[in-house]
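Summary of the model geometry
What follows is the residue order along each chain.
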Amino acid sequence: DGGITQSPKYLFRKEGQNVTLSCEQNLNHDAMYWYRQDPGQGLRLIYYSQIVNDFQKGDIAEGYSVSREKKESFPLTVTSAQKNPTAFYLCARSLLGVETQYFGPGTRLLVL
Amino acid sequence: AQSVTQLGSHVSVSEGALVLLRCNYSSSVPPYLFWYVQYPNQGLQLLLKYTSAATLVKGINGFEAEFKKSETSFHLTKPSAHMSDAAEYFCAVSDFADKLIFGTGTRLQVFP
């Protein structure tokens, strides 16, 4: 799994519902990232965290929230404020200063 | 600010033909550059990385890329395409703040 897991693989959201995507890494990397992928738009950064209990907004943070209570875990919540949540969500990890990011297998979120 | 442009959202080649995927970057300082590959419904996998050591970088699966500062390019090549190379390829540049900026991707089709 490349040291990073995401669950579930598919997730369905009903109107007005918050859903949480899980991302866990077991390689003690400092930094973790959440990206959203839509066809033809590449990857867009939602949030990232370089240290426990701290995180920064990326380019498209509106309608999303995160937490980083443990080094190995960086869950993403898609809130009801995100009006177009259907996308493929990717989590990544990296060592600070090395720049290389390693990705999880992704979660596909669909709206019912 | 750093940016990446991938020319051609779709590239088609015959099996055994040369693969050339184009990437141009803009950066105010010598960049770190990356190529990633993504198979359908999977996460991104690192193909290769340029970090200012050698201008010709060899990666996995027979791919290589050449850094050309004068052309601000980092094109990805493979001498002979295989059916299993069909995937989406992303070029990325580091902002040296532990974030990557991704291109919009190039989908490679390989015909028998």
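My aim in this report is to walk through the structure given alongside it, one point at a time. All values reported here derive from a predicted model rather than from experimental measurement.

1. Focus: the packing of aromatic side chains
- Under the definition given, this model contains 14 aromatic pairs over all chains.
- Geometrically, the ring pair formed by A:Tyr35 and A:Phe103 is tilted, given 5.7 Å between the ring centres and 40° between the ring planes. You can see A:Tyr35 sitting in strand S4 (residues 31-37) and its partner A:Phe103 sitting in strand S10 (residues 102-103), a full 68 residues away along the chain. Assigned by exposure class, A:Tyr35 and A:Phe103 land together as buried.
- Each ring, one from B:Tyr50 and one from B:Phe74, has its centre 6.1 Å from the other, and the planes form 50°; the classification is tilted.

2. Regarding the nonpolar core
- Residues B:Trp35, B:Phe74, B:Leu76 and B:Tyr89 are the most contacted members of the largest nonpolar core, which totals 26 residues.
- When contributions to this core are tallied by element, the ones reaching two or more residues are strand S2 (10-14), strand S3 (19-26), strand S4 (33-38), strand S5 (44-50), strand S7 (64-68), strand S8 (73-78), strand S9 (87-94) and strand S11 (106-111) of chain B.
- Sequence-distant contacts of B:Phe74, that is, excluding residues within four places in its chain, are made with B:Cys23, B:Leu33, B:Phe34, B:Trp35, B:Leu48, B:Tyr50, B:Val57, B:Ala65, B:Glu66 and B:Phe67.
- Counting residues in each nonpolar core, the second largest holds 20 residues, with A:Ile60, A:Ala61, A:Tyr64 and A:Leu76 among its members.

3. Some points on the sheet that holds strand S8 (residues 76-78) of chain A
Residue and element names in this part refer to chain A.
- Strand order in this open sheet of four strands is S1-S3-S8-S7, and the pairing throughout is antiparallel. Looking at strand neighbours, the two that pair on one side only are strand S1 (4-7) and strand S7 (64-66), the edges of this open sheet. For this sheet the average axis-to-axis angle between neighbouring strands, irrespective of direction, equals 20°.
- Two elements, strand S3 (residues 19-25) and S8, share three bridges in a ladder whose sense is antiparallel. Residue Val 19 lies in a different strand from S8, and its bridge partner there is Val 78.

Rules and cut-offs
- Residues numbered from 1 in each chain as written.
- Chains lettered and ligands numbered in written order.
- Predicted model: local features only at pLDDT ≥ 70, side-chain atom pairs only at ≥ 80, totals over all residues.
- Heavy atoms only, no water.
- Phe/Tyr/Trp six-rings, centres within 6.5 Å; stacked < 30°, edge-to-face > 60°.
- Helix = DSSP H or I, 4+ residues; strand = E, 2+ residues; numbered from the N terminus.
- Buried < 20%, exposed > 50% of the residue type's maximum accessible area, 1.4 Å probe, protein only.
- Core = buried A, V, L, I, M, F, W, Y, C linked by side-chain atoms within 4.5 Å.
- Contact = heavy atoms within 4.5 Å.
- Pairing = 2+ DSSP bridges.
- Axes fitted to C-alpha atoms, helices over the stretch in contact; angles between N-to-C directions.

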